[in-house]
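# Survey of secondary and tertiary structure
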Amino acid sequence: MTISTKKTDMQYTDELPPFTFNQTGMLYSDSNYILDWNDGNRYGKVGFHIEDDIIYLQTCLIDFGNETCFSRIIKYLLKKFHPKSIECHYCFYNFFNNLDNDNNFSVELPTYVEDLLMREERKKRYNLRRERRILADMGVFFCEVDHSEFESVVKIFFKYKKNTHNRDWNLSPTAFLKWLNITNIYALKKDESYIAFVLSDEHFKKVIFQQTSYDLEWKRYSPGSVLYFYFLEEMIRKGNTEVFLGGGYHEYKKMFGSREDTTFNGSISRHWVFKGICKTLHGIASRTKHLLLK
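Residues numbered from 1 in each chain as written. Predicted model: local features only at pLDDT ≥ 70, side-chain atom pairs only at ≥ 80, totals over all residues. Heavy atoms only, no water.

## What about the state of the cysteines?
Note the cut-off: Criterion for a disulfide: a pair of cysteine sulfur atoms at a distance within 2.5 Å.
Evaluation of the coordinates by the stated rule reveals zero disulfides. The cysteine Cys88 is free of any disulfide, with Cys91 supplying the nearest cysteine sulfur at 5.5 Å.

## Quick look at the sheet that holds strand 7 (residues 140–144)
Quick reminder of the rule: When DSSP finds two or more bridges between two strands, those strands count as paired. Here a helix means four or more residues in a row that DSSP labels H or I, a strand means two or more in a row labelled E, and each is numbered from the N terminus. All axes are obtained by fitting lines to C-alpha atoms, using only the stretch in contact for helices, and the reported angles, taken between N-to-C directions, cover 0 to 180 degrees.
The strand order 1-2-3-4-5-12-6-11-10-9-8-7 describes an open sheet built from twelve strands, whose pairing is mixed. Edge positions in the sheet fall to strand 1 (2–8) and strand 7, since each has one partner strand and no second. Shown here is a sheet whose adjacent strand axes are inclined to one another by a mean of 25 degrees, direction ignored. Where strand 3 (residues 43–51) and strand 4 (residues 54–57) come together, four bridges link them in antiparallel fashion. Considered in strand 4, the bridge of Ile50 is made with Ile55.

## Focus: the confidence of the model for the protein
Here is the rule we go by: Per-residue confidence from the predictor is reported as pLDDT, a score between 0 and 100. Contacts were defined at the residue level, with two residues in contact if any of their heavy atoms lie within 4.5 Å.
For the protein, the average pLDDT comes to 88, and 89% of its residues sit at 70 or higher. In the model, residues 20–24 has pLDDT below 50 throughout and makes 27 contacts with residues more than four positions away in sequence or in other chains.

## Some words on the pattern of salt bridges
As a reminder, the rule being used: For this document, the term salt bridge refers to a Lys or Arg side-chain nitrogen within 4 Å of an Asp or Glu carboxyl oxygen. The classification of residues rests on relative accessible area computed with a 1.4 Å probe and restricted to protein chains. Under 20% of the type maximum is buried, over 50% is exposed, and intermediate values are partly exposed.
Taken as a whole, this structure holds 13 salt bridges when the rule is applied. In this structure, Arg42 engages Asp63 in a salt bridge whose closest nitrogen and oxygen atoms are separated by 3.0 Å. You can see Arg42 sitting in the loop between strand 2 (32–38) and strand 3 and its partner Asp63 sitting in the loop between strand 4 and helix 1 (67–81), a full 21 residues away along the chain. Given a relative accessible area of 36%, Arg42 falls into the partly exposed group. Through salt bridges with shared partners, one network takes in Glu108, Lys206, Glu242, Arg259 and Asp261.

## Side note on helix 4 (residues 150–165)
For an α-helix, the turn length of 3.6 residues means that residues three or four places apart are oriented alike. Selection criterion: Between the first and last residue of a helix there are one fewer steps than residues, each counted as 1.5 Å, and that sum is the expected span.
Compared with the 22 Å implied by 1.5 Å per residue over 16 residues, the 21 Å span of helix 4 between its first and last C-alpha is a close match. Three or more residues of helix 4 are buried, namely Phe150, Val153, Val154, Phe157, Phe158, Tyr160 and Lys161. Along its buried surface, helix 4 packs onto helix 5 (173–179), strand 8 (184–190), strand 9 (193–201) and strand 10 (206–214). One or two positions beyond helix 4, positive phi appears at Asn166, with a value near 55 degrees.

## Brief notes about the pairing of strand 10
Worth spelling out the cut-off: Crossovers are described as right-handed under a simple rule: with the strands pointing away from the observer, the path leading from the first strand over the helix to the second runs clockwise.
Taking burial as the measure, the nine residues of strand 10 include seven buried ones, the bulk of the element. Pairing of strand 9 with strand 10 involves six bridges; the strand directions are antiparallel. Each residue of the ladder has a partner; that of Leu199, found in strand 10, is Gln211. From the end of strand 9 to the start of strand 10, which pair antiparallel, there are four residues. In terms of strand pairing, strand 10 meets strand 11 (residues 242–246) through three bridges, oriented parallel. Across the sheet, the residue bridging to Lys206 is Glu242, located in strand 11. After leaving strand 10, the chain enters helix 6 (residues 223–237) and then returns to the sheet as strand 11, a path that is right-handed.

## Looking at the pairing of strand 6 (residues 100–108)
Regular strands place side chains that alternate from one sheet face to the opposite one. Relative to strand 12 (residues 259–269), strand 6 runs antiparallel, the two sharing seven bridges. Across the sheet, the residue bridging to Asp100 is Asn265, located in strand 12. Judged from the four bridges that link them, strand 6 and strand 11 form a sheet pairing that is antiparallel. In the strand pairing of strand 11, Glu108 is matched with Glu242.

Below you can see the structure in the form of structure tokens.
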């Protein structure tokens, strides 16, 4: 198997797969790399950057072929760059039990908007149409926020997120937008008031659904579900092929024929052998304790 790396000053390049995002992949122009691999049967490229002696590797839903191929890539990076650790997120493969398993959802988009709603049962289709109609009759409309308004809109989003999820990133709007690579913001509005938001990363045809929130005063009208439906329709109109929703078990992530994948997240230490043994022994101890208490 051959593996090589080259430095690049590009944050986004057509050479790489579409899920270059967030804390994985290419973010900083002075520390970006592209890794090539070829095992004779499969070949591919992924991006990574190095910050504070940590490698942030693009693993999000990347098919490395098999666990052996992925392990060789990890060992190559550890040997070549001697990092403190390698960060991996939404990865299809574990590495000697160093990573934690998790779930995430994706929606493959149809070619036509009308086909999206047909993925739901009749009652659900009726409710979605009804909720949208009620809001429309009240003067609520869907829109895409202009880039010039991003910072002021994110301040409102922060307020809503604090109220709905008690979430506070302690970041400025500018830092937050850069951290999540936000390219587009969609909203439900009534007059000049914002009701709900979706923040997305649309650098590629496979879109990252990064964040969403809404005004709790409108909760009874299901603004989150209505906006999500509008958002997916807009992605289809823009010619995008897939929306990545991330993890969790929110009901909306199971809608519209979404696909659930089991993935692995976490960091791979340079002391990966010791970490793997400890996690394995801890897992055995936990399962044994559970069986004894049954």
